[in-house]
Amino acid sequence: MAAPLTLLMIVAVTVRAVLFRSSLAELISERVEVVSPITAWKRVIEGLALLDLGVSPYSGDVFHETPLIIYLFHFLVDYAEITFMVNSVVFLQFRKQKFALEADRYPPDCLELIRTPLEMHYVPLKVAMFYLLNPFTILSCVAKSTCGLNNMVISLFILCTVKGNVLLSAIFLCLATYQSVYPLTLCAPAMLYLMQRQYIPVNLRRVSFWWFVVQYLFMYLGSLFVLVCLSFFLLGSWDYMPSVYGFILSVPDLTPNIGLFWYFFAEMFEHFRLFFLCVFQINVFFYTIPLSIKLKEHPVFLIFMQLAVISIFKSYPTVGDVALYMAFLPLWSHLHRFLRNIFLVSCVLLACSALFPVLWHLWIYAGSANSNFYYAITLLFNVAQILLVSDYFYAFLRREHHLTYGLYLKKKDGSEATLVLK
Amino acid sequence: MGLLSDPNRRQALIKLLTRLNAPICFVCYFAGVAWFMGLAFEPFTLRTYMSENAMGSTMVEERFPAGERALATGREFAAHKKKVGGMPVDWLVKTMQARGLEVFTQSFSRTLPFPDENTERYVVKGTNVYGILRAPRAPRTEALVLSAPCTPGDNNNQAVGLLLGLAHYFRNQVYWAKDIIFLVNEHDLIGMQAWLEGYHHTNVTGMDWSPLQGRGGSIQAALSLELSSDVVTSLDIVLEGLNGQLPNLDLANLFYAFCQKIGVLCTIQGKLQRNDWDSASGYNHAVQTMMLMVMKQASGRPWGDHGLFLRYHIEAATVKGVNSFRHYKTDATTIGRLLEGMYRKLNNLLERLHQSYFFYLLPSLSHFVSIGYYMPAFGLLAVILLLRALDLWVQLSAQPSRTEDGVAGTEQSNPGVLSVLTPLVISHLTGAALYMLPVRFQEVAVEHFPVSETEAVVLTAIAVYTAGLALPHNTHRLLSGEGTEMGWRVLKLVALLYLAVLLGCTAVINFSLGFILALTLVPAAAYVTPHVPKALSAFFLVALSPACTLLFSVFFFQELQEMPVSFQDGWLLYLSVIAQGMLDHYLYGSLVFPLVALLVYPCWLLFWNILFWK
């Protein structure tokens, strides 16, 4: 186990180091698919320069990262490259621990469906491979997108949650929320998982349930309060609030990216803006409730779903966000036999990834295509992502069904039955 | 979504697609070809129309009177050119200044990676001369360019003469709202490249040039003029630029509209417009015109000096005077009036030309095929790849369920990954060798073999290409285990998807190239398995490889131009086309050579590998 992991790490670091040194690095760090206005390294540099000059980094309209990031890089700026590599490596560390989940939880009536221990053994390696060798992650790392840091915080949160450490889980979740607001929705799966570990029933009439929720929320909100105040004292002003969170929620920067926002909001009449802003933003938060109710027994899958939903519907998505939830896919390798559209989806994702730069070139440089071409691909990319996620969701539910009713369903008259989703 | 969620209907659809896979693929292929051939049929095409408001409704009157004087200037230019033995820079500067332009020169030099035997160039040194007519009516933020190349020999003197004549006439008019830049460039495309790079402060090809001393506004449109006789019978417009880029269709419409108005015969691809679309010969004519455009576009090279403007988002075309044996002649005054009219309309533009199409094919100047009409032809070919991939996917996902046990599954999948990765890596390395070696090793080759540098480069390329064919046997020696039945299926699946994405991207950028590659590669990709007769299939596969595609294209192009060549000449032409393709890449940044060497050829090698799978 250790040897392949080390090998994998060496390969991953080598690939990144080579790309950092090559002329491609500059090109990659300019790509709109890889960096967003929030995570672009160029903007972080600008913020640092402003900070060094004694000006508030938020005084212009360039820098939108959180204060803690800027102070982090204030000390690390010379080692930025190394930092980004370390991020990836840290990310890997926690994955090691993940395989403990899910084992021996099901009645042994459907042996076929339960993963063998051997397979479980390979899961962390596969997860690490999916994350570290994913071209999306590599691109995002080489572009020095701060998205890598966000991913690290989120993955640390997942690690702490899976290990059952309530306090650390709350702290890391709070850090992630502080970074980009949207991980707020991960609160629900985290609580569900921790309650499951502590054998607290999810029952609205039980005191123990409410006691735990209050406890967790207290830790979460408390550390959020500390972070916000810390930022305030570091900068001495509340400038960062509108500049970071206002920027994320009200989407003033309409640079094209792989998300759904820019085209709509560029086309829209100004007085509808607020309404559609709410409609678009609510997408991220809205699915939490139905998903939490449906998946309350399976919080880890819920985390995966939430991450995917965030990366699809967030206001400035990049491929780094996509890579984060894609790293979870090997965890659900036992669902593969129930997936229906995986071929279609992977073809579409592949084609879209190749077409992004091509259509960008035609639009911006050659001038022969226009924004509609690019947005068409963006739409297709997001539809494929949604199909992927819903396919996994369906497969998960179907597996649940088979776990309770047996794998080979029979109709009442004895003929073979098929499941139909209507 | 019913289709996606209802398992019964899905099953039925998939069963249908896998059972009827081969017939559907055949139908798609022929439908694709038929669709493409149908594009030239006039009722299926759209009439061209002027989309740009600023150029449509405004009337302009052409008054250029001084054709004869322009020709006299051209003769003077010819005399000076002969005297100096190259570009008469001083004379040009003096003459342009006398016409009231701000005149500047730019010198440039470039050493070619290997000698160009067609134009006998190796170390190129030259000077561009350009004069700017400042716009009297508006802030000088925009500009138009009129250029004429200074070519060695007796060519193109009249074009320079007419350019100077127009400069003289334009100077005295007050209505110009855009700067007009009159450019005489030496060494045609190389000079143009140097000038454009200088104008836009970029250096993409590593050329040495002196910075420009004077600039106009941002260039909106450009015309390049080629005129080698005092009278012409017709004017030909050339649109195909670098990497198959085309200018906005409105520029062609503008040219066509003025030719109609002034009564000049106009051609495209050297073919006159015909009205008998319903006869077989009329249709044939349209097909020929369109095919010529497709072949030229697919080559990815600039077919006139205008070709390099397109990279900078400048709409540009080359206007060529053709003097044939027809008795209907047009004099220089008329051509001058035509250009005057075009420039006045361009002068009226309020924004860049963007209303009309950028993706089109022209079966004649009055009709065009837009992207929505021609893309299905490519789509029908590309869908074959996806169908085959789907078929393989179904086979692959059906297999493991027969031997269902987790342990064996993981054990088997590991060599699977390796057996796919090895051919992928090796064929890409071969592709990289094909891209790098020819130019790197020309000196070594010249030392050891009795060939010239150019021959050395071309022959090395062919040698590397052929050496790649020996690959499958060596790949297998590297692999520890035997290739499994599943192995080649996975490899083919990967290769099919790879090819589909590759061709799709190519077709979006350069439809013609994508279509021609699809036409030959798709049947090969769809057909090949390890279980077909080896020798015959190998021959079939080689005949459909990119290099042979190029060879056929050379003959076909000659045939279309009605200049058929013997096999011997064709082969020599083929060699020179390869050299040209590489030079286009190194000099102007054409992407066809790297595309073929680094991506298409390795992809084809994967299929070659599958054929020899053991």
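- The name that an unreviewed UniProt entry assigns to chain B is GPI-anchor transamidase component GPAA1, with the source organism given as Oryzias latipes.
- What UniProt states about chain B under its Pathway (unreviewed entry) heading is, verbatim, "Glycolipid biosynthesis; glycosylphosphatidylinositol-anchor biosynthesis."

- The name given to chain A in an unreviewed UniProt entry is Phosphatidylinositol glycan anchor biosynthesis, class U, with Oryzias latipes as the source organism.
- You can read under Subcellular location (unreviewed entry) in the UniProt record for chain A the words "Endoplasmic reticulum membrane".
- Regarding chain A, the relevant UniProt record gives this comment under Pathway (unreviewed entry): "Glycolipid biosynthesis; glycosylphosphatidylinositol-anchor biosynthesis."

### What about the domain arrangement of chain B?
All names here are of chain B.
Then, number 1: For chain B, the assigned domains read domain 1 (11-40 + 373-398 + 416-612) and domain 2 (53-365).
Then, number 2: The straight-line distance from the C-alpha centre of domain 1 to that of domain 2 is 37 Å.
Then, number 3: If you look at the interface, domain 1 gives 38 residues, while domain 2 gives 39 residues.
Then, number 4: Of the roughly 3,500 Å² buried between domain 1 and domain 2 on both sides combined, carbon and sulfur atoms contribute 65%.
Then, number 5: When residues of domain 1 are sorted by the area they lose upon contact with domain 2, L560, L587 and Y588 head the list and together hold 21% of the total.

### Points about the packing of helix α18 (residues 511-527) of chain B against helix α19 (residues 534-543) of chain B
Residues and elements named next belong to chain B.
Then, number 1: Relative orientation of the contacting elements α18 and α19 amounts to 155°, with a least axis distance of 9 Å. One finds that α18 runs roughly antiparallel with respect to α19. Between α18 and α19 lies a crossing whose hand is left-handed. Across the interface between the two elements, P523, A524 and Y527 of α18 pack against S537, F540 and L541 of α19.

### Notes on the pairing of strand β8 (residues 234-238) of chain B
All names here are of chain B.
Then, number 1: Within β8, 5 of the 5 residues are buried, which leaves it mostly tucked inside the rest of the structure.
Then, number 2: Of the two faces of β8, the one holding S234, D236 and V238 and the one holding L235 and I237 are both buried throughout.
Then, number 3: Of the pairings in the sheet, the one linking β8 to strand β11 (residues 315-322) comprises 5 bridges and is antiparallel in character. By the bridge assignment, V238 is partnered in β11 with T318.
Then, number 4: Two elements, β8 and strand β9 (residues 266-268), share 3 bridges in a ladder whose sense is parallel. Note that in β9 the partner of I237 across the bridge is I268.
Then, number 5: As for the winding sense of the linkage, the β-α-β connection from β8 through helix α9 (residues 249-262) to β9 is right-handed.

### Examining the side chain of N243(B)
Residues and elements named next belong to chain B.
Then, number 1: With respect to the helices, strands and loops of the structure, N243 is situated in the loop between β8 and α9.
Then, number 2: For N243, a relative accessible area of 17% gives the class buried.
Then, number 3: If near-sequence neighbours (up to four positions away) are discounted, N243 is found in contact with G300, I509, N510, G589, S590, L591 and V592.

### Things to note about the confidence of the model for chain B
When pLDDT drops low, the exact placement of atoms in the prediction is not to be read closely.
Residues and elements named next belong to chain B.
Then, number 1: Put simply, chain B has an average pLDDT of 86, and 93% of its residues get 70 or more.
Then, number 2: Note that pLDDT drops below 50 for residues 401-413; the model gives that stretch 4 contacts with residues more than four away or on any other chain.
Then, number 3: The complex model carries a pTM of 0.88, and its ipTM stands at 0.86.

### Focus: the UniProt feature "transmembrane region" (unreviewed entry) in chain B
All names here are of chain B.
Then, number 1: Listed under "transmembrane region" (unreviewed entry) in the UniProt record, and renumbered for this structure, are residues 20-41, 373-394, 415-436, 456-472, 493-526, 538-558, 570-588 and 594-613.
Then, number 2: Annotated as residues 570-588, this span is 100% helix and 0% strand, and its ends, taken at the C-alpha atoms, are 25 Å apart.
Then, number 3: When the span residues 594-613 is considered, its composition is 90% helix and 0% strand, and the gap between its end C-alpha atoms is 28 Å.

### Observations concerning the sheet that holds strand β1 (residues 46-47) of chain B
All names here are of chain B.
Then, number 1: In spatial order, the strands read β1-β13-β12; together these 3 strands make up an open sheet with antiparallel pairing. Edge strands, defined here as strands with exactly one partner in the open sheet, are β1 and β12 (360-364).
Then, number 2: As defined by bridge partners, β12 adjoins strand β13 (residues 367-370) across 3 bridges and the pair is classed as antiparallel. When the sheet's bridge partners are listed, S364 is paired in β13 with H367.

### Thoughts on the packing of helix α3 (residues 21-38) of chain B against helix α10 (residues 280-299) of chain B
All names here are of chain B.
Then, number 1: Two numbers describe how α3 lies on α10: the axes approach to 10 Å, and their chain directions differ by 105°. Classified by the interaxial angle, the pair formed by α3 and α10 is roughly perpendicular. Contacts between α3 and α10 involve F36, M37 and G38 on the former and, on the latter, Y283, V287, M290, M291 and V294.
Then, number 2: Its residues assigned to classes, the contact of α3 with α10 shows 7 nonpolar, 1 polar and no charged.

Rules of the game
Residues numbered from 1 in each chain as written. Chains lettered and ligands numbered in written order. Predicted model: local features only at pLDDT ≥ 70, side-chain atom pairs only at ≥ 80, totals over all residues. Heavy atoms only, no water. UniProt positions renumbered as here; feature names shortened; annotations may be inferred. Domains from an automatic or database assignment. Contact = heavy atoms within 4.5 Å. Buried area = accessible area lost by both parts, 1.4 Å probe. Axes fitted to C-alpha atoms, helices over the stretch in contact; angles between N-to-C directions. Helix = DSSP H or I, 4+ residues; strand = E, 2+ residues; numbered from the N terminus. Parallel < 35°, antiparallel > 145°, perpendicular 65-115°, else oblique. Left-handed = near helix turned anticlockwise from the far one by under 90°. Buried < 20%, exposed > 50% of the residue type's maximum accessible area, 1.4 Å probe, protein only. Pairing = 2+ DSSP bridges. Right-handed = clockwise from strand over helix to strand, strands pointing away. pLDDT = per-residue confidence, 0-100. Nonpolar A, V, L, I, M, F, W, Y, C, P; charged D, E, K, R; others polar.

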